[in-house]
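Observations on the model geometry
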Amino acid sequence: MNIFVAKLSFNTDDEGLREAFEEFGSVDSAKVIMDNQTGRSKGFGFVEMENDDEALEAIQALNESELDGRTIVVKKAEPRGERSGGGNRGGYGGGRRY
């Protein structure tokens, strides 16, 4: 299961993220997303856990918990095409001119 982790401290690195989730089971990967231009964390990341039961337990236990001094948000990651909010999908600012 792919897990989305938001509101990370800028001090949290891949290994720190991995360690937080390894308390609940085997972690395939843990990646803090970095800004290419500044080299600084964007404040979110992804954790991949093979066992869905362990992943769900980690989500429940770690959501709204503290990691590196910040209260984090943890939830099941949605595929890119299914995210809600944001973007300009036929709303204001595009297309027609009157």
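To be clear, the structure that these remarks concern was listed above.
Bear in mind that the values here come from a model prediction, so they are computed numbers and not experimental data. Residues take numbers from 1 onward in each chain, read along the sequence in its written order. Note on the predicted model: pLDDT of at least 70 is required for a residue's local features to be given, and 80 or more for side-chain atom pairs to be given and counted; whole-chain, interface and lining totals, by contrast, use all residues. To obtain the side-chain values, all non-hydrogen atoms of the structure were included, while hydrogens and water were left out.

**A look at the overall build of the protein chain**
Per the convention used, a helix needs a DSSP run of H or I reaching at least four residues, while a strand needs a run of E reaching at least two, with both numbered from the N terminus. Looking only at helices and strands, the protein chain has 2 helices and 6 strands in total. Every residue pair with non-hydrogen atoms within 4.5 Å of one another is taken to be in contact. Taking the intrachain contacts of the protein chain between residues at least 6 apart in sequence as the baseline, contacts between residues at least 24 apart amount to 59%. Looking at the protein chain as shown, the accessible area adds up to about 7,000 Å², and 43% of this sits on carbon and sulfur atoms. The accessible surface values rely on the Shrake-Rupley method and a 1.4 Å probe; as for residues, cover is taken only from the protein chains in view.

**Describing the pattern of salt bridges**
Salt bridge, as applied in this entry: a Lys or Arg side-chain nitrogen positioned within 4 Å of an Asp or Glu carboxyl oxygen. For the structure shown, the criterion picks out 2 salt bridges. Note that Glu 22 is salt-bridged to Arg 18, the shortest N-O span being 3.7 Å. Here the residue Glu 22 and the residue Arg 18 both occupy positions in helix H1 (residues 14–22), the gap between them amounting to 4 residues, near one helical turn.

**Some details on the pairing of strand S3 (residues 41–48)**
Sheet faces and side chains relate simply in a regular strand, where the side chains alternate between the two faces. Examined bridge by bridge, strand S1 (residues 2–6) and S3 share 5 bridges and lie antiparallel to one another. When the bridges of S3 are listed, Ile 3 appears paired with Val 47. Pairing between strand S2 (residues 29–34) and S3: 5 bridges, direction antiparallel. Within the sheet, the bridge partner assigned to Lys 31 lies in S3 and is Phe 46. When DSSP locates at least two bridges between a pair of strands, those strands are taken to pair. Connecting the antiparallel pair S2 and S3 is a turn made up of 6 residues, with Gly 39 showing a positive phi of about 75 degrees.

**A closer look at the environment of Phe 46**
In this fold, Phe 46 is placed in strand S3. In this structure, the C-alpha to C-alpha distance between Phe 46 and Asn 2, residues 44 residues apart in sequence, is 6.8 Å. Residues within four places of Phe 46 in sequence aside, it is in contact with Asn 2, Ile 3, Phe 4, Leu 17, Ser 29, Ala 30, Lys 31, Ile 33 and Ala 77.

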